[in-house]
Structure formats: C-alpha cells, structure tokens
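Structural overview for review
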Amino acid sequence: NAGVTQTPKFRILKIGQSMTLQCAQDMNHNYMYWYRQDPGMGLKLIYYSVGAGITDKGEVPNGYNVSRSTTEDFPLRLELAAPSQTSVYFCASSYSGRGANEKLFFGSGTQLSVL
Amino acid sequence: EDKVVQSPLSLVVHEGDTVTLNCSYEVTNFRSLLWYKQEKKAPTFLFMLTSSGIEKKSGRLSSILDKKELFSILNITATQTGDSAVYLCASFTSGTYKYIFGTGTRLKVLA
C-alpha cells in the first residue's frame, strides 16, 4: 500500500517558470490537501478538496492552482514561480466515509527552491 | 478566522525530564484535535482527540483535550534524545473539513 505519493522530491525553478507538483493516494480517500511549510514554521493550507471536481482555497492560495479530476490525484500548479514560493510542500489525505477517524496521512514532501 | 496556537515555540530539556506542550484553538465547528511529530520529513501521527477529559496514551506520550477551555496538552515523560522533533497540533473542523495547524513546538532533548 503506497499511501500518499508526491513527486518530485526536489526541484529548483527559475523565477517566472511554472511547474506542477503531483500527488496521488491509493487509499480511496475523498479529502485531499496541499500544505506548505517554511523553515521553522508550521503547515499552511494552500488548497484542499473534498471530492472529485470540488476544490477550495485555504489560508495561502495566491500563486497556486489545483484541480481534482479523479479521487486519486490532486496536482498543485505553480504559475510564474517567485522566490516567496521556496518552501517544502506536503500533500495529505484523509477518509470521510463510514468509520472515518479524521487521521491525516502525509506524503513525503517536495522541497522546492525558486532562484 | 480559525486559529491554532502552540506554546512554547521551542524547548530544551535534558534526558529524563518531563515536558508539557500546549495547543489552544479558536475554530468554528470544531470536530477534533490531532497531534503530530515531525522529525526531518513528513509529520507522523500521534493522537486524535474528540472528547473532553479522556486521556489518550501511547508509551511515554499522553494527551488530553479540554473543549470548554479550548486547549489540549501533550505530555512526554522520561524524555529521550529520540523525542527531539517539532510537535504539531491541528484542529479539524466539520462543515469546511479543513485541518488548521499551529506553528509547532520545537523540542530538543539533550543527553
């Protein structure tokens, strides 16, 4: 059971470039989340989704876009990368069906640097 | 705006000490409070609390929730160097289904 899979693990971007961070889960979770974590800080919610076709903004959505065309995948798109987007990005998911306990499962993270 | 605040921000103790980490929350439609341990990489799950006054325990770690005063504590007894990490708490809200995290408490345990 792979759990939550994020790719890539590391990436360096130049200012103004764009990229997509991939996230997939194989646990049949309907809730998925993207967080960023700056050095020495907690996790800030960027975007989240409660099911395929449904997305919503979190605390820090500016400069990012998401889509949720399937239950399994929740990619995060960075358009026009800026140095302020240098961070570690975590994708996470949880299950909301019968017997759910709201435990949040995390991917291993993507270290992104924008230079 | 939903808010989760942790204290202290950092803590240095010696092996064998007992520590108490605090987490207070102000959220709409509170459903549960979760604690995570983060070492180098992704956070790992410790506890989830939904009811007031019921202690959850795992080895030397324990946690309890007070829904009247809107806070939770995480206790670690007989600390070891392997307990050195950032400890994060998060609230889960029904309705919006968001997990909001605090800034974390950085714990360093010295041998």
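The structure contained in this document is the topic of the report that follows. (Residues numbered from 1 in each chain as written. Chains lettered and ligands numbered in written order. Predicted model: local features only at pLDDT ≥ 70, side-chain atom pairs only at ≥ 80, totals over all residues. Heavy atoms only, no water.)

1. Thoughts on the packing of aromatic side chains
Evaluation of the coordinates by the stated rule reveals 15 aromatic pairs over all chains. Look at Phe-106 of chain A and Tyr-36 of chain B: their rings are 5.5 Å apart centre to centre, the planes differ by 85 degrees, and that puts the pair in the edge-to-face class. Of this pair, Phe-106 of chain A sits in strand β10 (residues 105-106) while Tyr-36 of chain B is found in strand β4 (residues 30-38), placing the two residues in two different chains. Overall, the relative accessible area of 13% leaves Phe-106 of chain A in the buried class. Here the aromatic rings of Phe-106 of chain A and Phe-101 of chain B are separated by 6.1 Å at their centres, their planes lie at 65 degrees, and the arrangement is edge-to-face. Highlighted residues: Phe-106 of chain A in strand β10 and Phe-101 of chain B in strand β10 (residues 99-101), drawn from two different chains. In terms of burial, Phe-106 of chain A and Phe-101 of chain B fall into one category: buried. Each residue in the set Tyr-31, Tyr-33, Tyr-35, Tyr-48, Phe-90 and Phe-106 of chain A together with Tyr-36, Phe-45, Phe-92, Tyr-97, Tyr-99 and Phe-101 of chain B is aromatic and connected to the rest through ring pairs, giving one cluster. Above the plane of the ring of Phe-74 of chain A lies Arg-68 of chain A, whose end atom (NZ or CZ) is 5.9 Å from the centre. (Phe/Tyr/Trp six-rings, centres within 6.5 Å; stacked < 30°, edge-to-face > 60°. Helix = DSSP H or I, 4+ residues; strand = E, 2+ residues; numbered from the N terminus. Buried < 20%, exposed > 50% of the residue type's maximum accessible area, 1.4 Å probe, protein only. Lys NZ or Arg CZ within 6 Å of the ring centre and 35° of its normal.)

2. Things to note about the sheet that holds strand β1 (residues 4-7) of chain A
Residue and element names in this part refer to chain A. The strand order across the open sheet built from four strands is β1-β3-β8-β7, with neighbouring strands paired in antiparallel fashion. Sheet topology places β1 and β7 (64-66) at the edges, where each strand pairs with a single neighbour. Each adjacent strand pair in this sheet contributes to an overall mean axis angle of 20 degrees, direction not counted. Here three bridges tie strand β3 (residues 19-25) to strand β8 (residues 76-78), and the two strands are oriented antiparallel to one another. Among the inter-strand pairings, Met-19 is bridged to a residue of β8, identified as Leu-78. (Pairing = 2+ DSSP bridges. Axes fitted to C-alpha atoms, helices over the stretch in contact; angles between N-to-C directions.)

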